[in-house]
Amino acid sequence: MALDMKTEPLVRVQNLKMHFPIYGGLLQRKVGDVKAVDGISFDIYEGETLGLVGESGCGKSTVGRAVLRLYDITDGAIRIDGDDIATADAGKLRSMRPLMQMIFQDPQASLNPRMTVADIIAEPLREHVKMSKIEREDRVLELMDQVGLNKEFANRYPHEFSGGQRQRIGIARALALNPKFIVCDEPIAALDVSIQAQVVNLLEELQDRLGLTYLFISHDLSMVRHIADRVAVMYLGQIAELAPRAELYEAPLHPYTQALLSAVPEPDPNIEEQVERIILTGDVPSPSNPPQGCNFCTRCPQVMEICKTVEPQFQEVQPGRFVACHLHQIAENAASEAHKSIQQGEIT
Amino acid sequence: MTDAANPIAEIEKRKPARSQWWDVWDQFRSHKGALLGSIFFVIILLAVIFGPMLWHLDATTIDIRSRNQGPSLAHPFGTDQLGRDTFARMLAGGRVSLAVGMTAMILALFLGTLIGVLAGYFKRLDGLLMRATDLFLALPLLPLLLVIIMLFRDRLSAQFGPEGGIFILMVSAIGITSWMQTARIVRGDVLALKEREFVLAARSIGTPNRRMITRHILPNVLSPIMVSATLGIATAIITESALSFLGLGFPPDFPTWGRLLFDSIDYLQQSPERVMWPGLAISLTVLSVNYIGDGLRDALDPRIRGR
């Protein structure tokens, strides 16, 4: 893509690892790690939406939280707007917070039940902006207007709202500091379908108006197709495939992506009958003990010998399309001398 | 939205930001038990504060000729074995008992909440603080209280006078031996709250720990704190009674509800009503405080308010 060449990405994640220790035994010693996120890299460019999809427990939300450093990451580098956030100390981190915000999955849980809507939306302003009470009230009302909430609701409490309205409160809070980058952690998963569309449309509208950049985490493939510019597919803590939306949905390269996309329901019953679904067998391996070689080798319908021993590289196989799969790396090798020698070394 | 074009309407919109304390009061008023409890508690408070000034008999005046009398017009609650007026002693004793109860409760609550919040919120402190809590729970309290009082009574009496010294000693002894339940309950609640998404949201905003605790954690652990508080007053009054009974509290001629109760036990056969008065006073105070706590807890929770 031409975009890559021109601009420095707003968010650059390199080899991000987030391992959670497991303690066990009599003395509560560390006995292993849950490799929730195990070495992923991606870039997000200003003004775009990167969709992050995958099944439950594959580490999507952990990526979102680690990128904002709500967790202390195990390894890797995260740069947002040129500043390294992975190693920033508490003071530096706090000064970077206004740049990036998060919208949470469960709008009920993400709002303090004892604070009024106005207080919830004003909290980031209190923390980071010096303004008078009147100015702050004005800003809160402006934000409520922006996300389509009636201003008269400012002094009500979260439990008095419906799910969609609560999510709007969450969005207003995320917008309060004029952030550049927002992590949307399954913002629509807890809402019913008619409200989902409203919230997604609101997010898109705000993106157009305010030039926001989103990392949109979801397991709803059709919603991601609607909102995302590029899509990353995660499996067991790693990115299987990252490609522009159209290419990914037209011609998925990774067998896991193919299987995932074949599971999307088709509204037309005539076509639905003809759709061939790729049914994966078995369960996702435990992230504390991922398989040797490719993470997907235990369930892959096109598994080869090499997949069980050698971990595939996450590399660009076509312009803008990254995939971690031996099927495509071998095809690539014929053209690339450098890769060929490495790959041969691995095969023999 | 629609009123954006109309600046007057805009200004008027902002005004009715009615203080939420009015909502709290409205909800509190609608809780009948709480209302009755607080009326009763205020009556007791007024009686023990102003009663001794108004009642013509002194709590310590000995009138040996009219000892062991039953209730009469001159002595509405009767007299004790030395002819002292029980009503006057009840009023004077209530002053001390309530003061000890409430101060000790506040101290225990403060300690318990502080330790509970610190242990629940900061993982590093958890082990240390909770083991300390367990240690306090495992200590046999009465012997410990006795030792504390033995050790410090004279020194404090010399410093603050006999009554002031004992008061400080009793309050701190009861306070530091009854915070553990509160600490445990608060810690449990904080641990659960800490994992809620709104705390994560506050962290993503960059709220520092200090304000995270005061803004997000404390208001949400208010209910268990409230419950411990109301129960704490009762325990403190009763513990004070027990200590007075053992002769380690206030001096024997100094009336408290606990002392009155235990003095009367010897005369249970002759005049059973003398046990009843302090017992009734303690029970009714505790009951009214419990109802007040119940009403306050409901009134402070926006989810219950307005229902």
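This is a predicted model, so every value here is computed, not measured.

## What about the overall build of chain B?
Part 1 of the argument: Broken down by element type, chain B carries 13 helices and zero strands.
Part 2 of the argument: Start at the N end of chain B and walk to the C end: the helices and strands fall as α-α-α-α-α-α-α-α-α-α-α-α-α.
Part 3 of the argument: Each principal axis of the C-alpha atoms in chain B carries an extent, and together these give about 85 × 50 × 35 Å.
Part 4 of the argument: Counting every position in chain B, which comprises 307 residues, the buried fraction comes to 47%.
Part 5 of the argument: At a minimum sequence separation of 6, the contacts of chain B that also span at least 24 residues come to 68%.
Part 6 of the argument: When the accessible area of chain B is evaluated, it comes to approximately 15,800 Å², of which 68% is carbon and sulfur surface.

## Some details on helix H2 (residues 20-30) of chain B
Part 1 of the argument: Every buried residue belonging to H2(B) is among B:Val24, B:Gln27 and B:Phe28, and all of these are buried. Here the buried residues of H2(B) occupy an arc of 100° about the axis, which is enough to place them on one side.

## As for the pairing of strand E1 (residues 11-24) of chain A
All names here are of chain A.
Part 1 of the argument: Examined bridge by bridge, E1 and strand E4 (residues 75-80) share five bridges and lie antiparallel to one another. The partner of Lys17 across the bridge, within E4, is Asp75.
Part 2 of the argument: Two strands pair when backbone bridges link them, and E1 and strand E2 (residues 29-44) are joined in this way by twelve bridges, in the antiparallel orientation. Within E2, the residue paired with Tyr23 across the bridge is Lys30.
Part 3 of the argument: Between E1 and E2, which pair antiparallel one after the other, the connecting turn spans four residues, and Gly25 there sits at a positive phi close to 80°.

## Quick notes on the nonpolar core
Soluble globular proteins tend to pack their nonpolar side chains together in the buried interior.
Part 1 of the argument: The biggest cluster of nonpolar side chains holds 60 residues, and the ones touching the most others in it are A:Met144 and A:Ile171.
Part 2 of the argument: The element that contributes the greatest number of residues to this core is helix H4 (residues 117-128) of chain A, accounting for six residues.
Part 3 of the argument: Discounting residues that sit within four places of it in the chain, A:Met144 has contacts with A:Val117, A:Ile121, A:Leu149, A:Asn150, A:Lys151, A:Phe153 and A:Ala154.
Part 4 of the argument: Counting 41 residues, the second-largest nonpolar core is a separate cluster that includes B:Ala34, B:Phe41, B:Val117 and B:Tyr121.

## Side note on the side chain of A:Arg65
Part 1 of the argument: Relative to the helices and strands, A:Arg65 resides in helix H2 (residues 60-67).
Part 2 of the argument: Overall, A:Arg65 belongs to the buried group, its relative accessible area being 15%.
Part 3 of the argument: Setting aside its immediate chain neighbours within four residues, A:Arg65 contacts A:Leu70, A:Tyr71, A:Met102, A:Asp185, B:Glu197 and B:Leu200.

## Topic: the sheet that holds strand E9 (residues 230-235) of chain A
All names here are of chain A.
Part 1 of the argument: With respect to topology, eight strands assemble into an open sheet ordered E6-E7-E8-E3-E9-E10-E12-E11, the strand pairing being mixed. Two strands close off the open sheet at either side, each with one partner strand: strand E6 (100-103) and strand E11 (315-318). Ignoring which end each strand starts from, the neighbouring axes of this sheet average 25° apart.
Part 2 of the argument: Of the strand pairs in this sheet, strand E10 (residues 238-244) and strand E12 (residues 321-323) are connected by two bridges, and their pairing is antiparallel. Bridged to Glu241 within E12 is Val323.
Part 3 of the argument: Against the sheet, helix H10 (residues 255-262) contacts strand E3 (49-53), E9 and E10, and its axis sits at roughly 105° relative to E9.

Reading the values: rules and limits
- Residues numbered from 1 in each chain as written.
- Chains lettered and ligands numbered in written order.
- Predicted model: local features only at pLDDT ≥ 70, side-chain atom pairs only at ≥ 80, totals over all residues.
- Heavy atoms only, no water.
- Helix = DSSP H or I, 4+ residues; strand = E, 2+ residues; numbered from the N terminus.
- Buried < 20%, exposed > 50% of the residue type's maximum accessible area, 1.4 Å probe, protein only.
- Contact = heavy atoms within 4.5 Å.
- Areas by Shrake-Rupley, 256 points an atom, 1.4 Å probe, with all protein chains shown as cover.
- Arc of directions from axis to C-beta.
- Pairing = 2+ DSSP bridges.
- Core = buried A, V, L, I, M, F, W, Y, C linked by side-chain atoms within 4.5 Å.
- Axes fitted to C-alpha atoms, helices over the stretch in contact; angles between N-to-C directions.

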